[in-house]
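Chain residues, written in single-letter form:
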Amino acid sequence: MAKSDALLPISAREEDPLLSDGSRSDPNAETHGRRRPVKGLLAVSFGLFFIAFYVALIATHDGSRSNDVKIESDGTATKASRAHLAGVSEKSNDQLWKLSGDRNTVAFSWNNSMLSWQRTAFHFQPEQNWMNDPNGPLFYKGWYHFFYQYNPNAAVWGDIVWGHAVSKDLIHWVHLPLAMVADQWYDANGVWTGSATFLEDGSIVMLYTGSTDKSVQVQNLAYPEDLNDPLLLKWVKFPGNPVLVPPPGILPKDFRDPTTAWKTSAGKWRITIGSKINRTGISLVYDTTDFKTYEKLETLLHKVPNTGMWECVDFYPVSKTLVKGLDTSVNGPDVKHIVKASMDDTRIDHYAIGTYFDSNGTWTPDDPTIDVGISTSLRYDYGKFYASKTFYDQNKGRRILWGWIGESDSESADVQKGWSSLQGIPRTVVLDTKTGKNLVQWPVEEVKSLRLSSKKFDMEVGPGSLVHIDVGSAAQLDIEAEFEIKKESLEKILGDASAAAEAEEFSCQKSGGSTVRGALGPFGFSVLAHESLSEKTPVYFYVAKGKDSKLITFFCTDSSRSSFANDVVKPIYGSSVPVLKGEKLTMRILVDHSIVEAFGQGGRTCITSRVYPTKAIYGAAKLFLFNNAIDATITASFKVWQMNSAFIQPYSEEAVRALSRT
């Protein structure tokens, strides 16, 4: 039997054409189609390599497992997680403790009452066990379909298959039987992330990553068994799988997560797949006409040095002039393109806005200083939000964003409660036509159907004030608020030459949280707060004076005091948020038990937090308005709705019929 290392492609340490200057995006660059002699040689070479690699995979797909010991950065040897061994990003919550430096924290003594309260009322989650990445979302014959990475056997990562649910409105869901399971050698170690594409005749193809029984990442094709079935209950795997294997220069565990395909000007379909060369994150590009055979482009869609492995790459157009979504194949002068990559090293989703060149399949960012994956680049969400995926909703002409919201507690707590992870409320995503420099995300309009009773408030809040907002139990809320700093307070700060400029040094993460007072902030709401304020999660604005006397606004969420539990990661999240002349400060907050989603300035900056209070639960969860500014008086106008449950149902024919009648 061949050794497992005999199956590895050429080492990434060797010089590779993927990293040559030819991969730079240039609208006038010679395309791969014009270099016919080289193209022919490459095609033959790649074809021989593909056949050899494919045969080797088949011949050895019953091979042995890898070593299960991993050396940590501090030199200690630990047992590697199943995710690490399989060659996918660290899915265990243990990674949180490594990042926070609290690996030896003693577990908190959770009781069933606390853990039961953590389960959400209107966010999507399975009935039990583990969930991670969203997969292949689509709208078909009147139903929204959501597929997701799922472990049917435990509340930890492993044994990954595709879960499946349907909805009429993206909020009320019925679980369906598993869509795809790991039953072939080419996905024996997991049916991993994939994307759906609609063909011209209305049929659907699904490309997904399979982890073979040798833990090699390959791309596979599947399609519905019966296109007349609006529930798409049964899926067929293409007998010729895998359709793609790691190309030369790409390691076998660095080739995953194919995107939705888009049409080229030549009439071909094009996809991109995330990978890396050494520490350079890259996005490979392939063309196809039938989704069974592929031509790899000589150029990359994009690459960014020192960003590590790119997972769950997403690529889609946004309109520069219209506030609506676009089909993935749309291109033209009024269109920009988004490249998003999920960073394996940091567990952060970064995006950038740029220009796509159809002729050679490349993309360049509008602003290289905020390129994909670097520390200054834009994020979908500055909190807990990863492995996201968009799809074009042809039903309502919008692009919808899904994001996996993992846990921030201990893995032992997840096992005790029997489930792990949520999906964020689906969001519409468009280019901010006012700034042209960022995306705007907003909860889908359908979430408003859950609103019950409401109360409206208008009040003036002086420096150092705290006001209890009487809305009853505050575990399921939708809050929309406008704030305005009184003109006299602003003039005092801006006119005081001795007032220190702090904007350049301020950050939400390093500021010390909502209790550290400045001249013009922080002010906002404390959600999931105990009446003693011993537990609270503040969501707030902080306005700081810059060196040029201009004001910079920050939007933050402080979970550092959200729980007495000691085995919970409790960060302070946030970023600056653009505020244009004449705009009031606005925020929206969705509170649903152990998740808080916050949207600043209409969704220019978004923050998702997982919080696990031990006292501020059930009827003891309260809402407070606060103003911790030293010099500023603010006016606040806001409305608070109690939110109903979405009543997500287990699978039954009656549950499907009931949902179809809504």
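As shown above, the structure is provided for reference.
Note that this is a predicted model, so its numbers are computed, not measured.

A. Highlighting the overall build of the protein. Summing up its helical and strand segments, the protein has seven helices and 38 strands in all. By the burial criterion, 58% of the 662 residues in the protein qualify as buried. Carbon and sulfur atoms make up 52% of the accessible area of the protein, which amounts to about 25,700 Å² in all.

B. The arrangement of the packing of aromatic side chains in detail. One pass over the structure, following the stated rule, counts 37 aromatic pairs. Seen from their ring centres, F146 and W402 are 4.0 Å apart, and the 25 degrees between their planes marks the pair as stacked. Taken together, the residues span a long stretch of sequence, with F146 in strand β4 (residues 143-151) and W402 in strand β22 (residues 398-405) at a distance of 256 residues. Judged on exposure class, the residue F146 and its partner W402 are both buried.

C. Focus on the environment of V339. With respect to the helices and strands, the residue V339 is situated in strand β17 (residues 335-343). Residue classification places V339 among the buried residues on the basis of a relative accessible area of 0%. Separated by 26 residues in sequence, V339 and P365 place their C-alpha atoms 8.6 Å apart.

D. Structural detail: the sheet that holds strand β38 (residues 634-643). What the six strands build is an open sheet, ordered β27-β38-β29-β34-β35-β36; its pairing is antiparallel. The open sheet is flanked by β27 (451-461) and β36 (605-610), the only strands paired with a single partner. The average angle at which neighbouring strand axes cross in this sheet is 15 degrees, direction not considered. Bridge count for strand β29 (residues 476-485) against strand β34 (residues 585-592) is eight bridges, and the pairing is antiparallel. Looking across to β34, one finds that L477 is bridged to V591.

E. Summary view of the state of the cysteines. Evaluation of the coordinates by the stated rule reveals one disulfide. Put simply, C508 and C556 are joined by a disulfide, and their sulfur atoms are 2.1 Å apart. Across the S-S bond linking C508 and C556, the dihedral sits near -65 degrees, which makes this disulfide left-handed. Note that C508 is positioned in the loop between α6 (487-494) and β30 (520-529) and C556 in strand β32 (residues 551-558), a separation of 48 residues in sequence. Neither residue differs from the other here; C508 and C556 are each classed as buried.

What counts and how
Residue numbers restart at each chain and count upward from 1, following the sequence in its written direction. Only residues with pLDDT of 70 or above have their local features reported here, since the model is predicted, and side-chain atom pairs are shown and tallied only from 80 upward, although totals for entire chains, interfaces and linings are computed over all residues. With hydrogens and water set aside, each side-chain value is computed from the structure's full complement of heavy atoms. Strands are runs of DSSP state E lasting at least two residues, helices are runs of H or I lasting at least four, and both sets are numbered from the N terminus onward. With a 1.4 Å probe rolled over the protein chains alone, any residue whose accessible area is under 20% of its type maximum counts as buried; one over 50% counts as exposed, and the rest are partly exposed. Residue-level accessible areas treat just the shown protein chains as cover; the underlying method is Shrake-Rupley with a 1.4 Å probe. Two rings from Phe, Tyr or Trp (for Trp, the six-membered ring) form a pair when their centres are within 6.5 Å of each other. A pair whose planes differ by under 30 degrees is stacked, one over 60 is edge-to-face, and the rest are tilted. One requirement defines pairing of two strands: DSSP has to find at least two bridges between them. To get an axis, a line is fitted to the C-alpha atoms, and for a helix only the part in contact is used. The angle between two axes follows their N-to-C directions and goes from 0 to 180 degrees. Note on terminology: disulfide denotes any pair of cysteine sulfur atoms within 2.5 Å.

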